[in-house]
Amino acid sequence: MTDIGWEIYPKALTELLVSLNKKYTLPPIYITENGAAMADEFTDGEVRDNDRIEYYHEHLNALHNATEQGVKVDGYFAWSLMDNFEWAEGYLKRFGIVHVDYNTQKRTVKASGKAYSNLITSR
C-alpha cells in the first residue's frame, strides 16, 4: 500500500496493456503519472525512499513484461518530478523523486531520483 492507502499491484499494468492490445489497434502509448506517495523521511540531508525505488522497479518490469507480449510503448514518465501540491492531499503526502523543503524551496534529489536517473541514462 502507498502512504495514502492505494494498493500496489504492478501486474495490473501488464494485464491491462496486454488485454487492450489484443482487443484494439492501439494509438501510441505513453505511461504518464505512474508513481506513489510514500512516507518519505528527510534525514541527514537525504531521502532514502527504497519503497519508491521498489515501486518503480516493479512497475517498469511490469511494463517490460507487456512489451515482451507485443505491446508497443513509446514512453514512460515518473510521477512526479518534485514533491508538490496534490489536488486531493495538498502538501500532506510526497509523490516526487525530488524532495522539496516547502519552507525554503530547497530541492534535494531523493534516492529514487538518483536510481531513476541511473536507469534512464544507462538505456
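Rules of the game
- Residues numbered from 1 in each chain as written.
- Predicted model: local features only at pLDDT ≥ 70, side-chain atom pairs only at ≥ 80, totals over all residues.
- Heavy atoms only, no water.
- Helix = DSSP H or I, 4+ residues; strand = E, 2+ residues; numbered from the N terminus.
- Expected span 1.5 Å × (residues − 1).
- Contact = heavy atoms within 4.5 Å.
- Axes fitted to C-alpha atoms, helices over the stretch in contact; angles between N-to-C directions.
- Parallel < 35°, antiparallel > 145°, perpendicular 65-115°, else oblique.
- Left-handed = near helix turned anticlockwise from the far one by under 90°.
- Phe/Tyr/Trp six-rings, centres within 6.5 Å; stacked < 30°, edge-to-face > 60°.
- Buried < 20%, exposed > 50% of the residue type's maximum accessible area, 1.4 Å probe, protein only.
- Polar contact = N/O pair within 3.5 Å; in protein donor to acceptor, adjacent residues only side chain to side chain.
- Arc of directions from axis to C-beta.

### Examining helix H1 (residues 11–23)
Every α-helical turn comprises 3.6 residues, leaving residues that sit three or four positions apart pointing alike. Over its 13 residues, H1 runs 18 Å from end to end, which matches the ideal 18 Å to within 8%, given 1.5 Å per residue. Lining the buried residues of H1 we find strand E1 (30–34) and helix H2 (50–68).

### So, the packing of H1 against H2
Remark: H1 packs on H2, axes separated minimally by 8 Å, with the N-to-C direction vectors making an angle of 25°. Classified by the angle their axes make, H1 and H2 are roughly parallel. Of the two elements, H1 crosses H2, and the hand of that crossing is right-handed. Note on element contacts: H2 touches H1 through His 59, Ala 62, Leu 63, Asn 65 and Ala 66, opposite Leu 13, Thr 14, Leu 17 and Val 18.

### Let's talk about the packing of aromatic side chains
The full count for this structure, using the stated rule, is eight aromatic pairs. Both rings, one in Trp 6 and one in Phe 95, keep their centres 6.3 Å apart while their planes meet at 50°; by these two values the pair is tilted. Separated by 89 residues along the polypeptide, Trp 6 in the segment before H1 and Phe 95 in the loop between strand E4 (75–78) and strand E5 (98–100) bring together distant segments of the chain.

### Examining the side chain of Asp 83
Its location among the elements puts Asp 83 in the loop between E4 and E5. Judged by relative accessible area, which is 3%, Asp 83 ranks as buried. Among the polar contacts listed, one links the side chain of Asp 83 to the side chain of Arg 94, at a separation of 2.8 Å. In this structure Asp 83 touches Arg 94, Phe 95, Gly 96, Val 98, His 99, Val 100, Tyr 102 and Lys 110, once residues within four positions along its chain are discounted.

### Things to note about H2
Taking 1.5 Å of rise per residue, the 19 residues of H2 would be expected to cover 27 Å, and the 27 Å separating its terminal C-alpha atoms lies within 8% of that figure. Those residues of H2 that sit buried are Arg 52, Tyr 55, Tyr 56, His 59, Ala 62, Leu 63 and Ala 66. All buried residues of H2 fall inside an arc of 125° around its axis, so they share one side. Exposed side of H2, more than 90 degrees from the buried face: Asn 50 and Glu 68 are the residues found there. On its buried face, H2 sits against H1, E1, E4 and helix H3 (111–121).

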